[in-house]
Amino acid sequence: MSIPYLTGLFVGILFVLIFFMIFLIFKKKKPMNQYDERQKAIQGVAYKVGFFAMFAYFLFNGLICMEIGNWLPMLNMNFIGIGVGLLCYAGYAIFKDAYISLNTKPMKTMLSLAAISAVNYICFFINYNINNENPEIFLTSLICAILLTLICIMIIIKAIIDKCCAKKELIEE
């Protein structure tokens, strides 16, 4: 590993620790994520869905790697597997109204995820342009950005579905 890589890794970890410390200092004292019993039960099922999706991905990926070899670096293939599990968990929980707690606004969550996704896209494309000879190193940022973008899209779709259902209920009454 090169010195710039290790320096970037150290600065990134330091940045996350500083951000976390600032978050803890300004954290509100009231409980943030209050889920009701129905949401907790749905989240339990969503965890199962995510686990089995991740299991299926790793099984399928293992068979492909046995036949043709690694199609990406091992870290990126594993990160995609984790992303598949997270995406299935999030999708199931979002469409069953258990992803966002009762006292959290969906738009605020979606905007936070969109901002993090944009940062990951920017990091990937900046590093891709700087390091053209080995772009696979930065694929994890792209995978994370795509994952968060898909979750944002699912939140938007769920919000549209909820608005349409609310309009139908008003019309029927």
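Keep in mind it's a predicted model, so treat the numbers as computed, not measured.

J.: Sorry if this is basic, but what is going on with the overall build of the protein chain here?
T.: Each helix and strand counted, the protein chain has 5 helices and 0 strands in total. Along its sequence from the N terminus, the protein chain presents helices and strands in the succession α-α-α-α-α. Here the protein chain has a C-alpha radius of gyration of 20 Å; the compact-globule value for 173 residues is 16 Å, and the former is much larger. Dimensions along the principal axes, computed over C-alpha positions, put the protein chain at roughly 65 × 45 × 25 Å. A sequence separation of at least 24 residues applies to 75% of the contacts in the protein chain between residues at least 6 apart.

J.: Help me out: how do you make sense of helix α5 (residues 139-172) in this one?
T.: Turn by turn, an α-helix covers 3.6 residues, leaving residues three or four places apart pointing in a common direction. The terminal C-alpha atoms of α5 lie 49 Å apart, and with 34 residues this matches the ideal 50 Å at 1.5 Å per residue to within 8%. Within the sequence span of α5, burial applies to Leu 139, Ser 141, Leu 142, Ile 143, Ala 145, Leu 147, Leu 148, Ile 151, Cys 152, Met 154, Ile 155 and Lys 158. Against the buried residues of α5 lie α3 (74-95) and α4 (106-130).

J.: It is not clear to me how the packing of helix α2 (residues 37-68) against α3 should be interpreted in this structure. Could you clarify?
T.: Packed helices, taken two at a time, are described by the angle their axes make and the gap between the axes. Remark: α2 packs on α3, axes separated minimally by 8 Å, with the N-to-C direction vectors making an angle of 150 degrees. Considering the angle they form, α2 stands roughly antiparallel to α3. For the pair α2 and α3, the crossing hand works out as right-handed. Each residue belonging to the contact of α2 with α3 can be placed in one class, and the counts come to 18 nonpolar, 6 polar and no charged.

J.: Would you mind going over the environment of Phe 52 with me for this structure?
T.: Within the secondary structure, Phe 52 sits in helix α2. Judged by relative accessible area, which is 52%, Phe 52 ranks as exposed. Linking Phe 52 and Cys 88, residues 36 residues apart in sequence, is a C-alpha distance of 9.2 Å.

J.: Just checking my understanding: could you explain the packing of aromatic side chains for this structure?
T.: Each aromatic ring pair is described using two quantities: the centre-to-centre distance and the angle formed by the ring planes. Across all of its chains, the model carries 6 aromatic pairs by this definition. Taking 4.8 Å as the distance between ring centres and 15 degrees as the angle between the ring planes, the aromatic pair formed by Tyr 47 and Tyr 89 counts as stacked. With Tyr 47 in helix α2 and Tyr 89 in helix α3, this residue pair connects regions lying 42 residues apart in the sequence. Geometrically, the ring pair formed by Phe 51 and Phe 52 is edge-to-face, given 5.1 Å between the ring centres and 70 degrees between the ring planes. According to the relative accessible area criterion, Phe 51 is partly exposed, its value standing at 45%.

J.: Would you explain unusual backbone geometry in this entry?
T.: In terms of backbone geometry, most residues other than glycine have negative phi values and most peptide bonds are trans. We note that Asp 97 has phi near 60 degrees; this positive angle belongs to a residue other than glycine. Among the structural elements, Asp 97 can be located in the loop between α3 and α4. Judged by its relative accessible area of 37%, Asp 97 is partly exposed.

J.: How should I be thinking about the confidence of the model for the protein chain in this particular structure?
T.: Atomic detail in the predicted coordinates should be set aside for any region of low pLDDT. The pLDDT averaged across the protein chain works out to 85; a share of 91% of its residues lies at or above 70. When pLDDT is averaged over each element of the protein chain, α2 comes out on top at 94 and helix α1 (residues 3-25) at the bottom at 80.

J.: What am I meant to see in the pattern of salt bridges here?
T.: Pairing of side chains with opposite charge becomes possible as their charged atoms draw close. Under the definition given, this model contains 2 salt bridges. In this structure, Lys 158 engages Asp 97 in a salt bridge whose closest nitrogen and oxygen atoms are separated by 3.4 Å. Taken together, the residues span a long stretch of sequence, with Lys 158 in helix α5 and Asp 97 in the loop between α3 and α4 at a distance of 61 residues. Across the salt bridge formed by Asp 162 and Lys 158, the nearest N and O atoms sit 3.0 Å from each other.

J.: Looking at this structure, I do not really get the nonpolar core. What am I missing?
T.: Most often, soluble globular proteins keep nonpolar side chains buried together rather than apart. With 11 residues, the main nonpolar core is built from Ala 90, Ile 94, Ile 100, Met 110, Leu 113, Leu 147, Leu 148, Ile 151, Cys 152, Met 154 and Ile 155. Among the elements of the structure, α3, α4 and α5 are those that each provide at least two residues to this core. Sort the elements by how many residues they give to this core and α5 lands first, with 6 residues. Those residues in contact with Met 154 that lie beyond four places of it in its chain are Leu 87, Ala 90, Gly 91, Ile 94 and Phe 95. In this structure, Tyr 57, Cys 65, Met 77 and Leu 139 belong to the second largest nonpolar core, which totals 8 residues.

Conventions adopted
- Positions within a chain are numbered from 1, following the residues in the order the chain's sequence is written.
- For this predicted model, a pLDDT threshold of at least 70 governs which residues receive local features, and a threshold of 80 or more governs which side-chain atom pairs are given and counted, while totals over whole chains, interfaces and linings are taken from all residues.
- The side-chain values count all of the structure's non-hydrogen atoms but skip hydrogen atoms and water molecules.
- A run of DSSP states H or I qualifies as a helix once it reaches four residues; a run of E qualifies as a strand once it reaches two. Both are numbered from the N-terminal end.
- Radius of gyration here is computed from C-alpha atoms only, and the compact-globule reference equals 2.2 Å multiplied by the residue count raised to the power 0.38.
- Residues are treated as being in contact if the distance between any of their heavy atoms lies within 4.5 Å.
- Expected span of a helix, by definition, is 1.5 Å for each gap between consecutive residues, and there is one gap fewer than residues.
- Note on exposure labels: buried denotes an accessible area under 20% of the residue type's maximum, exposed denotes more than 50%, and partly exposed covers the range between, all computed with a 1.4 Å probe on protein chains only.
- Axes here mean lines fitted to C-alpha atoms, for a helix over just the part in contact, with angles spanning 0 to 180 degrees between N-to-C directions.
- By the definition adopted for this analysis, an angle is roughly parallel if under 35 degrees, roughly antiparallel if over 145, roughly perpendicular if from 65 to 115, and oblique otherwise.
- The handedness criterion is simple: a crossing whose near helix is rotated anticlockwise from the far helix by less than a right angle is left-handed, and one whose near helix is rotated clockwise is right-handed.
- Note on residue categories: nonpolar means Ala, Val, Leu, Ile, Met, Phe, Trp, Tyr, Cys or Pro, charged means Asp, Glu, Lys or Arg, and polar means any other residue, Gly included.
- Aromatic rings from Phe, Tyr and Trp, taking only the six-membered ring of Trp, are treated as a pair when their centres fall within 6.5 Å; an angle between ring planes under 30 degrees marks them as stacked, one over 60 as edge-to-face, and anything in between as tilted.
- For every residue, the predictor reports its confidence as pLDDT, a number between 0 and 100.
- Here a salt bridge means any side-chain nitrogen of Lys or Arg lying within 4 Å of a carboxyl oxygen belonging to Asp or Glu.
- Joining through side-chain atoms within 4.5 Å is the link that ties buried Ala, Val, Leu, Ile, Met, Phe, Trp, Tyr and Cys residues into a set, and such a set is a nonpolar core.

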